[in-house]
Amino acid sequence: QVQLVESGGGLVQPGGSLRLSCAASGFVFNYYAMSWYRQAPGKEREFVAAITSSSSMTAYADSVKGRFTISRDNAKNTLYLQMNSLKPEDTAVYYCNALKNWGQRTALYADWGRGTQVTVSS
């Protein structure tokens with residue numbers, strides 16, 4: 001059974017930083033590209049960042065490029081998202097998933113984790 005457990009969210013002031021983690025199990029983690037998504041209140045879930053299985057390539061949404069960094073540790077089956085220079089518009093619940101299609105940036109698994117709440121506010 002696929003399990004995706006996100007953690008590391010919290011309340012942070014604008015300009016601050018957070019590091020999110022995603023512990024994955026139930027599938028061969030190092031076989032898949034992985035991605036982060038987020039969903040703000042009243043909005044659709046959107047792509048944030050992706051990384052290939054070997055970490056050789058990354059991709060970012062324009063809104064986070066230069067501020068967020070995605071990484072992974074295949075030995076620990078864990079995905080990370082380092083978020084710097086946070087803005088109020090980054091406020092959302094953040095989710096991880098395996099990546100089904102690199103070009104379309106669509107998620108593989110229909111069952112999502114609970115996500116982790118990130119709130120950027122002064």
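The shown structure was predicted, so the numbers you read here are calculated from the model rather than taken from an experiment.

Any chance you could explain the nonpolar core here in plain terms?
Within soluble globular proteins, side chains that are nonpolar generally end up buried alongside one another. W36, L79, L81, M83 and Y94 are the most contacted members of the largest nonpolar core, which has 35 residues in total. Setting aside residues up to four positions removed in sequence, L81 forms contacts with L18, R19, L20, W36, V48, A49, F68, T69, I70 and Y94.

Is there a simple way to think about the pairing of strand β1 (residues 3-7) in this case?
One face of the sheet, then the other: side chains in a regular strand alternate in exactly this way. Because side chains alternate across β1, one face comprises the buried residues L4 and E6, and the other comprises Q3, V5 and S7, none of which is buried. Where β1 meets strand β3 (residues 18-25), 5 bridges bridge the pair, whose relative direction is antiparallel. Of the residues in β3, the one forming a bridge with L4 is A24.

Please clarify how the pattern of salt bridges should be interpreted in this entry.
Close approach of charged atoms allows side chains with opposite charge to pair. Under the counting rule described, the total for this entry stands at 4 salt bridges. A salt bridge links R38 to D90, with the shortest nitrogen-to-oxygen separation between them at 2.9 Å. Of this pair, R38 sits in strand β4 (residues 34-39) while D90 is found in the loop between β8 (78-83) and β9 (92-101), placing the two residues 52 residues apart along the sequence. Take R38 and D90: they sit in the same class, and that class is buried. Note that R67 is salt-bridged to D90, the shortest N-O span being 2.7 Å. In this pair, R67 sits in the loop between β6 (58-60) and β7 (68-73) while D90 sits in the loop between β8 and β9, placing the two residues 23 residues apart along the sequence. The same class applies to R67 and to D90, which are both buried.

I tried to follow the environment of T116 on my own but got confused; where do I start?
Structurally, T116 is set in strand β11 (residues 116-120). For T116, a relative accessible area of 8% corresponds to the buried category. Each C-alpha atom, one on T116 and one on R38, is 9.3 Å from the other, the two residues being 78 residues apart in sequence. If we skip the residues at most four places from it in the chain, T116 touches E6, S7, G8, G9, L20, A92, V93 and Y94. Among the polar contacts made by the side chain of T116, one reaches the main-chain amide nitrogen of G9 at a distance of 2.9 Å.

Looking at this model, I keep getting lost on the state of the cysteines. Mind explaining?
Defined simply, a disulfide is a covalent bond joining two cysteines at their sulfur atoms. In the structure shown here, the tally under the stated rule is 1 disulfide. Residue C22 pairs covalently with C96 via a disulfide, S to S 1.9 Å. The sign of the 60 degrees torsion about the S-S bond sets the C22-C96 disulfide as right-handed. You can see C22 sitting in strand β3 and its partner C96 sitting in strand β9, a full 74 residues away along the chain. In this structure C22 comes out as buried when scored by relative accessible area, which is 0%. You can call C96 buried: its relative accessible area is 0%.

So, how was this worked out
- Residues numbered from 1 in each chain as written.
- Predicted model: local features only at pLDDT ≥ 70, side-chain atom pairs only at ≥ 80, totals over all residues.
- Heavy atoms only, no water.
- Core = buried A, V, L, I, M, F, W, Y, C linked by side-chain atoms within 4.5 Å.
- Buried < 20%, exposed > 50% of the residue type's maximum accessible area, 1.4 Å probe, protein only.
- Contact = heavy atoms within 4.5 Å.
- Helix = DSSP H or I, 4+ residues; strand = E, 2+ residues; numbered from the N terminus.
- Pairing = 2+ DSSP bridges.
- Salt bridge = Lys/Arg side-chain N within 4 Å of Asp/Glu carboxyl O.
- Polar contact = N/O pair within 3.5 Å; in protein donor to acceptor, adjacent residues only side chain to side chain.
- Disulfide = S-S within 2.5 Å.

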